[in-house]
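Listed here are the chains, written in short residue letters.
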Amino acid sequence: MDIRQFRHIAALAEHKHFGRAAEAIGITQAALTQSIQKIEEAYGVLLFERRPGDVTPTAYGEVVVETARATISKVTHMRRQIRLMQKLAAGRLIIGCDPYFAEPIVAPALIRLLRDYPHLEFTLELGGWEALQARLLAREVDVYIGFPYDAMDTHIVTEDYELPPFIIFGRSGHSLMQSQRVTPRECFRFPLVVPKASLWLRKRVERIIRDPSGAQVRLPAYLLTTDFGIIRQVVRNSDALAAAAPRSIKSELEQGVFSRVALPEFEFPISLVIATVALHNLAPAADALLTEIRKEIATMG
C-alpha cells in the first residue's frame, strides 16, 4: 500500500462513515469506497464491517489501521525533518519544556533566535518529563528542557546543568513577609499555585516537609497550572504562594509587588537537563536554539 491508501484507511477508521471520511480527505465517496475495496481484494480479507450509518474495523482491519496511523506519523515526521534540514530560516521546531524553565530560559533564547531568523516556526509544549518522554522518543518533540528523570530511557542523551535555587514568593502584604524566617509547615498552611511538580522536585520537597513520624506528607496545591500569567494574578490578589526561578519574577520583586518568603530549607540547587534522542542528528534550527539556550543557562550561574 502507498501513503495515499494508508490515509484512506486511517480516515475511515476515524470517521466510521464513508461519506464523512471522504469529505475529510478531499475525495469522493465513490473513490474512497473503490480504494478500500481494492485493498481488501489485494489482501483477501474484509477490513471493515459495513452497517447502516456505521463502519468499524474488523480484526484484520485493526492491524492495518494501526500500521496506517504509524506510517502516516513517520512520513509526516520525515517531511518535517527534511524541511528543517533544507534551510535554517524555515520550518517548525517542537520544543518540550517544564513550565518552570520556559520563561527564564527558553523564552529569551527564542527571542534572540527569531530576531535573526524571523521565518522559523516554533511550538512550545509545556509539561513534565513524565508526560513528554514518550513524545521525544517518537520524534514528535525535537528537544526537551526540564528536570532530570530517574527512569530515563537509554535512547535519550542529556546535557546536565545546575541552576541557582528557586524562591518561594507571595504578595508583599502577605503576613509571612513579616517573619525573618519561615518554617516549611508555616508556608504550606497557605494555598499553593504551581505547575505540576516533576518527580525530581517532588522528592526534594517531600524530604524537607517529611512528618517526624516518617509518615508520607502530601504536597498541597490550591491550583495546578502551566500558565505563569495565571500564577502571578492569583498570588498578587490572594494569600497564595508560588515558586519560581528568581529571574522569572525579577521585575515584580524590584517593584515591590511580590516579596520573597524567608525559607532557607528550599535554597537547594536546581538540576536541569537538555534531552535529545541518541544517534539522531538535530536539524540546524534545533542546534541554533540549543546554542542560545546554553548561553542563557550560563548567565544564571
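Residues numbered from 1 in each chain as written. Predicted model: local features only at pLDDT ≥ 70, side-chain atom pairs only at ≥ 80, totals over all residues. Heavy atoms only, no water.

J.: Would you mind showing me how to read the overall build of the protein chain here?
T.: Within the protein chain one finds eleven helices and twelve strands. Here the C-alpha atoms of the protein chain give a radius of gyration of 25 Å, more than 25% beyond the 19 Å that 2.2 N^0.38 yields for 301 residues. For the protein chain, the spread of C-alpha atoms along the three principal axes comes to 80 × 45 × 35 Å. Residue burial in the protein chain is summarised as follows: out of 301 residues, 42% are buried. Long-range contacts, defined as pairs at least 24 residues apart, comprise 73% of the intrachain contacts of the protein chain with a sequence gap of at least 6. In the structure as shown, the protein chain presents an accessible area of about 15800 Å², 52% of it carried by carbon and sulfur atoms. One way to put it: in the protein chain the 36 positive side-chain charges average out to a point 1 Å from where the 34 negative ones average out. (Helix = DSSP H or I, 4+ residues; strand = E, 2+ residues; numbered from the N terminus. Rg over C-alpha atoms; globule rule 2.2 N^0.38 Å. Buried < 20%, exposed > 50% of the residue type's maximum accessible area, 1.4 Å probe, protein only. Contact = heavy atoms within 4.5 Å. Areas by Shrake-Rupley, 256 points an atom, 1.4 Å probe, with all protein chains shown as cover. Lys, Arg positive; Asp, Glu negative; His and termini not counted. Charge placed at Lys NZ, Arg CZ, Asp CG, Glu CD.)

J.: Would you mind going over helix α2 (residues 18–25) with me for this structure?
T.: Think of an α-helix as 3.6 residues a turn; residues three or four steps apart then line up on the same face. Turning to α2, its buried residues are Phe18, Gly19, Ala21 and Ala22. Looking straight down α2, one finds that the buried residues subtend no more than 165° of arc, so they occupy a single side. Along its buried surface, α2 packs onto α1 (3–15), α3 (29–43), β1 (48–51) and β2 (54–57). Just beyond α2, the residue with positive phi is Gly26, at close to 75°. (Arc of directions from axis to C-beta.)

J.: Help me out: how do you make sense of the pattern of salt bridges in this one?
T.: Any two side chains of opposite charge can pair, given that their charged atoms come close. Taken as a whole and judged by the stated rule, the model has 14 salt bridges. Salt-bridge contacts for Arg50 lead to Glu40; the nearest nitrogen and oxygen are separated by 2.8 Å. Taken together, the positions of Arg50 in strand β1 and Glu40 in helix α3 put the pair ten residues apart, joining distant regions of the chain. Judged by its relative accessible area of 10%, Glu40 falls in the buried class. Across the pair Lys295 and Glu292 runs a salt bridge whose closest N-O atoms are separated by 3.4 Å. A residue pair is termed a helical-turn pair when its members lie 3 or 4 positions apart in one helix, as Lys295 and Glu292 do in helix α11 (residues 284–298) at three residues. The buried category is assigned to Glu292, whose relative accessible area is 12%. Among the charged side chains, a network of salt bridges with common partners joins Arg112, Arg247, Glu292, Lys295 and Glu296. (Salt bridge = Lys/Arg side-chain N within 4 Å of Asp/Glu carboxyl O.)

J.: What exactly am I supposed to notice about the packing of α2 against α3 here?
T.: Direction vectors running N to C along α2 and α3 enclose 105°, while the axes themselves pass 8 Å from each other. The angle between α2 and α3 falls in the class roughly perpendicular. Residues Phe18, Gly19, Ala21, Ala22 and Ile25 of α2 pack against Gln29, Leu32, Thr33 and Ile36 of α3. Of the residues assigned to the contact of α2 with α3, the class counts are six nonpolar, three polar and no charged. (Axes fitted to C-alpha atoms, helices over the stretch in contact; angles between N-to-C directions. Parallel < 35°, antiparallel > 145°, perpendicular 65-115°, else oblique. Nonpolar A, V, L, I, M, F, W, Y, C, P; charged D, E, K, R; others polar.)

J.: I would appreciate a short explanation of the packing of aromatic side chains in the present structure.
T.: Given two aromatic rings, their pairing is described by the distance between the two centres and the angle made by the two planes. A complete count under the given rule lists 13 aromatic pairs for this structure. Judged by centre distance (5.0 Å) and plane angle (45°), the ring pair of Phe169 and Phe258 falls under tilted. Highlighted residues: Phe169 in strand β7 (residues 167–171) and Phe258 in strand β11 (residues 258–260), separated in sequence by 89 residues. Assessed through its relative accessible area of 1%, Phe258 is described here as buried. Note on Trp200 and Phe268: the rings are 6.3 Å apart at their centroids and 65° apart in plane angle, and the pair reads as edge-to-face. With Trp200 in helix α8 (residues 199–208) and Phe268 in the loop between β11 and β12 (270–277), this residue pair connects regions lying 68 residues apart in the sequence. By the burial criterion, Trp200 is buried, and Phe268 matches it. An aromatic cluster of at least three residues, connected via ring pairs, comprises Tyr100, Phe101, Phe147, Phe166, Phe188, Trp200, Phe228, Phe266 and Phe268. (Phe/Tyr/Trp six-rings, centres within 6.5 Å; stacked < 30°, edge-to-face > 60°.)

J.: Looking at this model, I keep getting lost on the nonpolar core. Mind explaining?
T.: Within soluble globular proteins, side chains that are nonpolar tend to cluster in buried spots. Tyr100, Phe101, Ile145, Leu289 and Ile293 are the most contacted members of the largest nonpolar core, which has 60 residues in total. The dominant element in this core, judged by the number of residues it contributes, is helix α5 (residues 99–116), at eight residues. Once you skip the residues sitting within four places of it in the chain, Phe101 turns out to touch Val106, Ile145, Gly146, Phe147, Leu163, Phe166, Ile270, Ser271 and Leu272. Counting residues in each nonpolar core, the second largest holds 19 residues, with Phe6, Leu32, Ile39 and Val65 among its members. (Core = buried A, V, L, I, M, F, W, Y, C linked by side-chain atoms within 4.5 Å.)

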